[in-house]
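Next come the chains, spelled out residue by residue.
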Amino acid sequence: EAEVAQSPRYKITEKSQAVAFWCDPISGHATLYWYRQILGQGPELLVQFQDESVVDDSQLPKDRFSAERLKGVDSTLKIQPAELGDSAMYLCASSLVVDSHGGYTFGSGTRLTVV
Amino acid sequence: AQSVAQPEDQVNVAEGNPLTVKCTYSVSGNPYLFWYVQYPNRGLQFLLKYITGDNLVKGSYGFEAEFNKSQTSFHLKKPSALVSDSALYFCAVREGGYSTLTFGKGTMLLVSP
């Protein structure tokens, strides 16, 4: 069964440092999403890509967060500088098309701890 | 704006008993509704969805959910719980096909032996 790959699985970083997460969606999936899940809460959308274009980044804290999907395949989410409140699970998901009747396929996530 | 409410932080049930995890939603148009399950330090796994048609939908691992338009609810059910069902369950909604998924805060299901 096809999977969404994410790395690293776990990341510990110091406050004010830069950190990056990588996601490789299911082959052929044009739409890619980054969600942030704070402990005890549901996932919240950070950014949505359609191919290489950003469709929705209204909830992305753009002063410190950036996301790219240069070739419309894999994606990188970066935080610089990291803050204590950024500690969370960062989930990547993909879907075949933006108006798919299906749900999304999620990766296993990256657990970020900022110390 | 679309939203999801999961009123219970935790549901406790004995193995073999039926279980229900509650979800209500709010959207302007037609809802697409989903249930996902999350095991510790893992991503979300798709359980089932309602798009249109029969109000009772069946999904993975013996779970089912009933769509009730008048009550704007989409409760998750299983006739006989297993200890291995213990996990965090998320209800999610999108309005039609073009909006993104909005999740509830999750409900922890604990099934005791």
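First things first, this report covers the structure right here in the doc.

1. Section: the overall build of chain A
On a plain count of helices and strands, chain A comes out with 0 helices and 11 strands. When the helices and strands of chain A are listed from N to C terminus, the series reads β-β-β-β-β-β-β-β-β-β-β. The C-alpha atoms of chain A give a radius of gyration of 13 Å, which matches the 13 Å a tight globule of 115 residues would have. A principal-axis box enclosing the C-alpha atoms of chain A has dimensions of 40 × 25 × 25 Å. Out of the 115 residues belonging to chain A, those deemed buried represent 46%. Taking as baseline every contact in chain A between residues at least 6 positions apart, the subset at least 24 positions apart corresponds to 54%.

2. Some thoughts on the sheet that holds strand S3 (residues 19–24) of chain A
Residue and element names in this part refer to chain A. Read from one edge of the open sheet, 4 strands run S1-S3-S8-S7, paired in antiparallel fashion. Because the sheet does not close on itself, it has two edges, and the strands there are strand S1 (5–7) and strand S7 (65–68). Between one strand axis and the next, the sheet turns through 15° on average, direction left out of account. Examined bridge by bridge, S7 and strand S8 (residues 75–79) share 4 bridges and lie antiparallel to one another. Looking at S8, one finds that Ser-66 is bridged to Lys-78.

3. A closer look at the side chain of Arg69(A)
Residues and elements named next belong to chain A. Among the secondary structure elements, Arg-69 is positioned in the loop between S7 and S8. We note that Arg-69 is buried and unpaired, the nearest opposite charge coming from Asp-51 at a distance of 5.3 Å. Within the structure, the side chain of Arg-69 is placed 3.0 Å from the backbone oxygen of His-29, a separation counted as a polar contact. Excluding residues within four positions of it along the chain, Arg-69 makes contact with Pro-25, His-29, Ala-30, Thr-31, Leu-32, Phe-49, Gln-50, Asp-51, Glu-52, Asp-74 and Ser-75.

4. Focus on the packing of aromatic side chains
Summed over all chains, the structure comprises 14 aromatic pairs over all chains. Considering the side-chain rings of Tyr104(A) and Phe106(A), the 6.4 Å spacing of their centres and the 40° angle between planes classify their relative orientation as tilted. A centroid spacing of 5.9 Å and a plane angle of 70° characterise the contact between Phe106(A) and Phe103(B), whose relative ring orientation is edge-to-face. Linking Phe106(A) in strand S10 (residues 105–106) with Phe103(B) in strand S11 (residues 102–103), this pair reaches from one chain into another. Here a set of aromatic residues connected by ring pairs shows up, and it is made of Tyr33(A), Tyr35(A), Tyr104(A), Phe106(A), Tyr36(B), Phe46(B), Phe90(B) and Phe103(B).

5. Some thoughts on the side chain of Ser94(A)
Residues and elements named next belong to chain A. One can find Ser-94 in strand S9 (residues 88–95). Of note is the side chain of Ser-94, whose polar atom sits 2.8 Å from the side chain of His-29. If sequence neighbours within four positions are ignored, Ser-94 has contacts with Val-4, Pro-25, Ile-26, His-29, Thr-31, Leu-32, Tyr-33, Tyr-104 and Thr-105.

6. Describing the state of the cysteines
All names here are of chain A. Across all of its chains, the model carries 2 disulfides over all chains by this definition. Note that Cys-23 is cross-linked by a disulfide to Cys-92, the S-S spacing being 1.9 Å. An S-S torsion of about -70° defines the bridge between Cys-23 and Cys-92 as left-handed. Here Cys-92 lies in strand S9 and Cys-23 lies in strand S3, a separation of 69 residues in the sequence. Both residues of the pair, Cys-23 and Cys-92, count as buried.

Scoring rules and cut-offs
- Residues numbered from 1 in each chain as written.
- Chains lettered and ligands numbered in written order.
- Predicted model: local features only at pLDDT ≥ 70, side-chain atom pairs only at ≥ 80, totals over all residues.
- Heavy atoms only, no water.
- Helix = DSSP H or I, 4+ residues; strand = E, 2+ residues; numbered from the N terminus.
- Rg over C-alpha atoms; globule rule 2.2 N^0.38 Å.
- Buried < 20%, exposed > 50% of the residue type's maximum accessible area, 1.4 Å probe, protein only.
- Contact = heavy atoms within 4.5 Å.
- Pairing = 2+ DSSP bridges.
- Axes fitted to C-alpha atoms, helices over the stretch in contact; angles between N-to-C directions.
- Lys, Arg positive; Asp, Glu negative; His and termini not counted.
- Salt bridge = Lys/Arg side-chain N within 4 Å of Asp/Glu carboxyl O.
- Polar contact = N/O pair within 3.5 Å; in protein donor to acceptor, adjacent residues only side chain to side chain.
- Phe/Tyr/Trp six-rings, centres within 6.5 Å; stacked < 30°, edge-to-face > 60°.
- Disulfide = S-S within 2.5 Å.

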